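Below are the chains, spelled out letter by letter.
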Amino acid sequence: MGAGLPCAPPRRTSRAMKPDISQHEAWFAAYAARERAREQGDPAPMDLKIRHTMAVLDNARRMTESERFAPALARACLLAALYHDVARFEQYLRYHTFRDRESCNHGLLGVKILKREARLAGENAHTRRIVLAAVGLHNRFALPGRLPREMELAAHVVRDADKLDILRVMDEHLAGPGPYSPTVVLNLPDDPALAGQAVLRAALEGRVASYADLRSVNDFRVLLNTWIFDMHFAASRRQFVEDGHARRLLEGLPANAAYGPARAALLARLEGAAARG
Amino acid sequence: MAEAPFAPRFFPQAVLARRVPWPSAALGASLNPARDRLLAAEAGGAAYIRLAYALFYLPPDEGMDVLRLAVRAGREVLAADFKWPERNLELPACLLVRALLRSWPGLWPTRRGGVALTEYWAQGGLEGLARRAGLRVAARRPLLGGAAVLLRLHQ
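Counting restarts for each chain: residues are numbered from 1 in the order of the written sequence. For this description, chains carry letters from A and ligands carry numbers from 1, given in the order in which they are written. Where local features are concerned, this predicted model is filtered to residues with pLDDT of at least 70; where side-chain atom pairs are given and counted, the filter is 80 or more; whole-chain, interface and lining totals use all residues. The side-chain values count all of the structure's non-hydrogen atoms but skip hydrogen atoms and water molecules.

Draft legend 1. A look at the packing of aromatic side chains. All names here are of chain B. Whether two aromatic rings pair depends on their centres lying within 6.5 Å, for rings of Phe, Tyr and Trp, where Trp uses its six-membered ring; planes under 30 degrees apart make the pair stacked, over 60 edge-to-face, and the rest tilted. Taken as a whole, this structure holds 15 aromatic pairs over all chains when the rule is applied. Taking 5.5 Å as the distance between ring centres and 75° as the angle between the ring planes, the aromatic pair formed by phenylalanine 11 and tryptophan 104 counts as edge-to-face. In this pair, phenylalanine 11 sits in the segment before α1 (13–18) while tryptophan 104 sits in the loop between α4 (91–103) and α5 (112–122), placing the two residues 93 residues apart along the sequence. Of the aromatic side chains, those joined through ring pairs into one cluster are Phe11, Tyr53, Phe56, Tyr57, Phe82 and Trp104. Distance and angle both matter: a charge sits over a ring if NZ of Lys or CZ of Arg is within 6 Å of the ring centre and within 35 degrees of the ring normal. In this structure, arginine 98 is placed above the aromatic ring of tryptophan 121, and the distance from its NZ or CZ to the ring centre is 4.4 Å. By the criteria applied, helices consist of DSSP H or I runs no shorter than four residues and strands consist of E runs no shorter than two, each listed in order from the N terminus.

As structure tokens, this is what we get:
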């Protein structure tokens, strides 16, 4: 269990009791295909979201199995992971952007869509509440202080799983051969001389850096690596290291006076986490 | 023609309806016509039918029925009613409206209107009703700081 979660989650499940959410997965696939077909411009961003959703679901599945959550909680976590970005399609169709600031809060819109589409009508009230809360809260900078324990766990599963796949997306994008899309790097300049001091300070102090403090693409590489301080489960911390995306993002940083100390501190953190297993 | 059957007592439906920014072409259109008038109307006989805060207190099946009848009678339905938030800025207005509605005597959870209101929220508000009625949203405009929305609905 991770920091900030003083109690162990409900454990008792076995591999024979994997939650079956195949009907939800089939609905999601059909819904995504239908929304994709409505896009009259470039549907590629929607394809990215479909792939991202399935990767987040895989990550969440790995976490719930590794943490051995009780079947009901594991089911809620998987449903929340599957539906966490359900609003991205409608958001893109309506606003042609994934930036919440320029459109809508995709967590809130997701809750509305799940209700509108009656996606959770077949689940019990407890599961419904957990899933809706996790979807609605997954994109907040921090979770509210006093959430019911299972709601908090489900939200952490989705947020960790989401972050792990964002690392993959960013690593693949920044390591790619071509010029990268400004949208993916939040229109930040790729200028080695621009270093956000608040981002670097957060990395050295072991805190998650804030998007508001980003000044350059290199800051973004640092910020993504500070997410290791906000991984809530042993399984997610392990995956953070083992996937290799975080390390590759760090290795792309210049080892100069500005970035060197943060780069070294974060690499040491990764190596420490890897050694602890 | 401004009948609004079953509106909770003292609910300022007419005041709210006046604040809706109806398109100028629709200003003379029927506002909250009664169900029997919709039933009797010729299919597609009206250019517009307007519904203002006339659905949230109805059981969802009745609300869907009204929407379907309205879209049969009018070539376009303009429906204004309460909705779930989509933006952070809409949250305060939505929370305030929900608290007000919950405390409205005719909408207490033990009353018919309160049960209907709970179902209305559970089914996704106005857009959920429109979706279940098989209607297409052609345009939406937030109202009351984001606590409500004006939808242009087609079949």
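Having seen the model, we can carry on.
Draft legend 2. Molecular detail of the side chain of Arg50(B). All names here are of chain B. Within the secondary structure layout, arginine 50 lies in strand β2 (residues 46–52). Summary of buried charges: arginine 50 has no salt-bridge partner, and the nearest side chain of opposite charge, glutamate 76, is 11 Å away. In protein, a polar contact requires one atom able to donate a hydrogen and another able to accept it; more generally it is a pair of N or O atoms within 3.5 Å, and residues adjacent in sequence count only if both atoms are side-chain atoms. Side-chain polar atoms of arginine 50 contact the backbone oxygen of alanine 29, separated by 2.9 Å. By definition, residues are in contact when any of their heavy atoms lie within 4.5 Å. Look past the residues within four positions of arginine 50 in its chain and what remains in contact with it is Trp22, Ala26, Leu27, Ala29, Ser30, Leu31, Asn32, Pro33 and Leu78. Working definition: with a 1.4 Å probe on protein chains only, accessible area under 20% of the residue-type maximum means buried, over 50% means exposed, and in between means partly exposed. When charges are counted, neither His nor the chain ends are considered; positive counts come from Lys and Arg and negative counts from Asp and Glu. Any Lys or Arg side-chain nitrogen located within 4 Å of an Asp or Glu carboxyl oxygen qualifies as a salt bridge.

Draft legend 3. Spotlight on helix α6 (residues 125–132) of chain B. Residue and element names in this part refer to chain B. Across the eight residues that make up α6, a large majority, six, are buried. Among the residues of α6, Gly125, Leu126, Glu127, Gly128, Leu129 and Ala130 are the ones counted as buried. Once α6 ends, the next one or two residues include glycine 134, with phi positive near 75°.

Draft legend 4. How the structure looks around the pairing of strand β3 (residues 74–82) of chain B. Residue and element names in this part refer to chain B. With respect to burial, β3 is a largely interior element, eight of its nine residues being buried. Pairing analysis gives six bridges linking β2 to β3, with the strands arranged parallel. The residue of β3 that forms the bridge with tyrosine 48 is glutamate 76. Following the backbone out of β2, through helix α3 (residues 60–73) and into the adjacent parallel β3, one traces a crossover that is right-handed. In terms of strand pairing, β3 meets strand β5 (residues 148–154) through six bridges, oriented antiparallel. Following the sheet pairing, aspartate 81 is matched in β5 by valine 149. Criterion used throughout: strands pair if DSSP finds at least two bridges between them. Note on handedness: a clockwise path from strand one over the helix to strand two, with the strands aimed away from the viewer, defines a right-handed crossover.

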